Each structure stands twice: as C-alpha cells, then as structure tokens.
Amino acid sequence: MAGESNISDILENFPSLDISGNAFLDTKLLGEVTIGNLIACAIIIVIVLIISRIVSGAIRRVLIGKAEVNSINFITKLVRWVIYFIGFLVLSPQLHLDLSGLLVAGGVVAVAFGFASQNTLSNFVAGVLLMFERPITIGDNISVKGTEGYVEDIGLLSTKIRTYEGIYVRIPNDTLFTSDITNYVSNVARRFDYSVDISYSEDADKAIKIIKKVIDTHPYALKSPSPSVYVNELGASGISIKVRIWSPSGYWWDARVDLLWKIFKALKTANVDIPFDQLVIWFGQEEAEKLKAEKLKTKETVSEIMSKAETAPENTRKQVK
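Calculation notes
- Residues numbered from 1 in each chain as written.
- Predicted model: local features only at pLDDT ≥ 70, side-chain atom pairs only at ≥ 80, totals over all residues.
- Heavy atoms only, no water.
- 1 Å grid on protein atoms, 1.4 Å probe; cavity = no way out; pocket = protein on both sides within 12 Å on 5 of 7 lines; lining within 4 Å.
- Points joined across faces, edges and corners; volume = space filled by probe spheres on them.
- Helix = DSSP H or I, 4+ residues; strand = E, 2+ residues; numbered from the N terminus.
- Nonpolar A, V, L, I, M, F, W, Y, C, P; charged D, E, K, R; others polar.
- Pairing = 2+ DSSP bridges.
- Axes fitted to C-alpha atoms, helices over the stretch in contact; angles between N-to-C directions.
- Contact = heavy atoms within 4.5 Å.
- Phe/Tyr/Trp six-rings, centres within 6.5 Å; stacked < 30°, edge-to-face > 60°.
- Buried < 20%, exposed > 50% of the residue type's maximum accessible area, 1.4 Å probe, protein only.
- Core = buried A, V, L, I, M, F, W, Y, C linked by side-chain atoms within 4.5 Å.
- Salt bridge = Lys/Arg side-chain N within 4 Å of Asp/Glu carboxyl O.

**Student:** When you look at the layout of surface pockets in this model, what are you seeing that I'm missing?
**Tutor:** The rolling of a water-molecule-sized probe over the atoms marks out the regions of remaining empty space. A volume near 300 Å³ is recorded for the largest pocket. Around the largest pocket sit 14 residues that line it, and Asn 141, Tyr 150, Arg 190, Trp 252 and Trp 253 are the ones nearest its centre. A per-element tally of the lining of the largest pocket places helix α8 (residues 252-269) first, with three residues. Across the lining of the largest pocket, the residue classes tally to seven nonpolar, four polar and three charged.

And the structure:
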C-alpha cells in the first residue's frame, strides 16, 4: 500500500515537475538539489530539445524559398536560443536558483538596449513579417517609393534591389513593410496596351483582322485572358485602334517590344496607311502678295543703288562703298 501511495504522489506531482515524497528522490546531492530535482531537470531538457527541433524545422519549412539561406539559419538559431532560455527559466527552480536579481538587471539592460536600437529592432521585426507575409520574393520585379528593379536579397534588417540600370539600392525593412509595394510579377499574367492609328481612307475592319492575326501567332500572347482589338477613338488625323494583350509576367517586356514591331510591319505589308501629324502654315492670299511685293521692291532698291555707284565718279564710288 505504501508503494502505491508513493507512485500516485509522483503521478500527481509530475505536471508541476515536483518529484518528491520519496526518501530516495529527496536525497540531497548538491546543497538543496535532490535526485528528484535532477530527474526533473533531465525531463525538462529533453522536452526543450524536442520542442526546439520541432519549431526550428517548422520555421525552416515555412521560410524555404522565401528568404536567403543565411537569414533562415539565423532565424532558426535565434528561435532555438529563445526556447533554450525559456527552458532555463523553467529549469532554475529545480536547481534552487534565485533569478530575481538577474531578471531585474536583465530587464533594465533590455529596456536600455531597446531604446538605443529602436530602428534596428523595428527593421528586424519587419524583416520577419515580410518573410511570413511574403509580399515579395527574391527575383520579383517591384516598385517601392519610386525605386523600380529586381529583388536581389531579403535580409533581416534590409532588402536589396537591383534597378534596371544595374544600381543596387538598400531599403530598410521597416520602410519596405510600411510602404506601398507594386509587384509586377506577382500575378501569373500581365497586360500591355497599344494605340495604333490608321488613315480615315483605310478599312478599320481589315486593320483589326491583320492585328489579330499577328497576335494569334505570337507564342507569348495568351489566349486566356483573350486579346482585345477595337476602334477606340476617331482622332484628329486618323482612326485610333486600341490593342490590349495579356502575356506571362516573366515574358511581358519581350512580348510587348516584339509584337509592336510585328504589328507595324504587318500593316505596312498590307499597305495600310499609318498617318502622322502634319502642320501647314497659311498666311492668306493678301498677306502672301504683300510679302512678295515687298521682296521685289527691296531687290529693285538694292539694284538701283549698285548701278548708280558704278556710273558715279571714282571719289563718289569710294564714298558709296
């Protein structure tokens, strides 16, 4: 009966890790530390190691492909050490350690460090949130606060962007997280538009058929969403045809440049006139005659002066010259 009571006491106290009530377990080894305390410490250490391994693996699976390998390793190590610290706090009562003074000193240091590194901490938190929310990934084509380019690296404190000119720009994660981000390749497809003008003497239906044929034969022009070609406006110098085409985001620029030139060549081959702006300046009949008369009068006056100079005596010609 006594053995059964000891087992029941151990089971009741196991959740609180208070292993006592047994002469052997209550045997003191180092100061107030008993064998029961050491067994509880071993159990806590095993649980902490299991939890740290599970949490680290979960974080690694979530962040893989979303951030650089070095950043993922840093985060997993940081989380692992935080779990170890929590485990140490749980373990300390079993070792009869008084951490009240240490916690107070640590709290003061933490507050001072927090005030001294507010920007760094905000950037770190923003970096972690960016990795979990994933509004951008490495290789994306984005625009942030007037900076456009490709995402080269997403770190814990900042993100590096390579602009179209090949310039690297470092943006703090806090700024990036609180700014409007335009991601040009987040969607699988992207649309681009043309405005093609033809002369009023041309057949708009014929031009639309030619344009659609060029689009249908292009490998980067999507069938769904389908392209749209229609008369959009009757302009000052011709009929304006609107062309809207969807393309895979990764090939958007290549398709936009290539299709524009092919559409132009196809219309030119079919002898479809593409007008251009012309400017005609007209003075009116009266003004034109007046200018002509003044020009002739000026010529006659100059001729008279030159002829008089040639017939005059030598001294007079010198004066005229």
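Alright, that's what it looks like, and here's the rest.
**Student:** Is there a simple way to explain the sheet that holds strand β9 (residues 228-234) in this structure?
**Tutor:** Note on sheets: strands pair through backbone hydrogen bonds, and any given pair is parallel or antiparallel. The strand order across the open sheet formed by three strands is β8-β10-β9, and the pairing between neighbours is antiparallel. Edge positions in the sheet fall to β8 (189-198) and β9, since each of these pairs with one other strand and no more. Adjacent strand axes in the sheet meet at a mean angle of 25° when their direction is disregarded. In this sheet, strand β10 (residues 239-248) lies alongside β8 in antiparallel orientation, the contact comprising ten bridges. Its bridge partner being in β10, Arg 191 is matched across the sheet by Trp 246. This element, α8, spans β8 and β10 of the sheet and lies at about 25° to β8.

**Student:** Where do I start with the packing of aromatic side chains in this structure?
**Tutor:** Each aromatic ring pair is specified by the distance between its two centres and by the angle formed by the two planes. If you walk through the whole model with that rule in mind, you get seven aromatic pairs. When the centroid spacing of 6.4 Å and the interplanar angle of 80° are considered together, the rings of Phe 192 and Trp 252 count as edge-to-face. In this pair, Phe 192 is assigned in strand β8 and Trp 252 in helix α8, connecting sequence segments 60 residues apart. Both residues of the pair, Phe 192 and Trp 252, belong to the buried class. Taken together, the ring pairs in this structure connect Phe 192, Tyr 194, Trp 252 and Trp 253 into an aromatic cluster.

**Student:** Help me understand the sheet that holds strand β4 (residues 147-154) in this model?
**Tutor:** Here five strands make up an open sheet; going across it, the order is β6-β5-β4-β3-β7 and the pairing antiparallel. The sheet is open, and its two edges are formed by β6 (168-172) and β7 (181-183), each paired on a single side. With strand direction ignored, the average angle separating the axes of adjacent strands in the sheet is 40°. Pairing between strand β3 (residues 141-144) and β4: four bridges, direction antiparallel. When the sheet's bridge partners are listed, Asn 141 is paired in β4 with Tyr 150.

**Student:** Looking at this model, I keep getting lost on the pairing of β3. Mind explaining?
**Tutor:** On a regular strand, one side chain projects to one face of the sheet and the next to the other, so that they alternate. Side chains of β3 alternate between two faces, with Asn 141 and Ser 143 and Ile 142 and Val 144 buried alike. The turn joining β3 and β4, which pair antiparallel and follow one another in sequence, is formed by two residues; a positive phi near 50° is taken by Lys 145. Bridge count between β3 and β7: three bridges; the pairing is antiparallel. Opposite Ser 143, over in β7, you have Thr 182 as the bridge partner.

**Student:** Before we go on, may I ask you to explain unusual backbone geometry in this structure?
**Tutor:** Backbone phi values are negative for most residues with the exception of glycine, while trans is the configuration of most peptide bonds. Along the chain, Ser 224 connects to Pro 225 via a cis peptide bond; the corresponding omega equals 0°. Along the chain, Pro 225 falls in the loop between α7 (204-216) and β9. Its identity is not glycine, yet Lys 145 carries a phi of approximately 50°, on the positive side. Note on placement: Lys 145 falls in the loop between β3 and β4.

**Student:** Help me out: how do you make sense of the nonpolar core in this one?
**Tutor:** As a rule of thumb, soluble globular proteins bury nonpolar side chains together. Within the largest apolar cluster, 23 residues are counted, with the highest numbers of intra-cluster contacts made by Tyr 194, Ile 211, Ile 241, Val 243, Ile 245 and Leu 267. Secondary structure elements with two or more residues in this core: β8, α7, β10 and α8. With seven residues, the single largest contributor to this core is α7. Among residues more than four places away in sequence, those in contact with Tyr 194 are Ile 241, Lys 242, Val 243, Ile 245, Ala 255, Arg 256, Val 257, Leu 259, Leu 260 and Ile 263. Counting nine residues, the second largest nonpolar core, distinct from the first, contains Leu 130, Ile 136, Val 151 and Leu 176.

**Student:** Just to check I follow, could you spell out the pattern of salt bridges for this structure?
**Tutor:** Think of it this way: side chains of opposite charge can pair up when their charged atoms draw near. Enumeration according to the criterion identifies five salt bridges in this entry. For Arg 162, the salt bridge is made with Glu 152, and the minimal N-O distance between the two is 2.9 Å. Taken together, the residues Arg 162 in strand β5 (residues 158-163) and Glu 152 in strand β4 connect sequence positions ten residues apart. Since its relative accessible area comes to 29%, Arg 162 is described here as partly exposed. With a closest N to O distance of 3.2 Å, Lys 262 and Asp 258 form a salt bridge. Separated by four residues within a single helix, Lys 262 and Asp 258 lie in helix α8, roughly one turn from each other. Taking relative accessible area as the criterion, Lys 262 reaches 36% and is therefore assigned partly exposed. By relative accessible area, which is 29% here, Asp 258 ends up partly exposed. One salt-bridge network, held together by shared partners, links Arg 191, Asp 193 and Arg 244.

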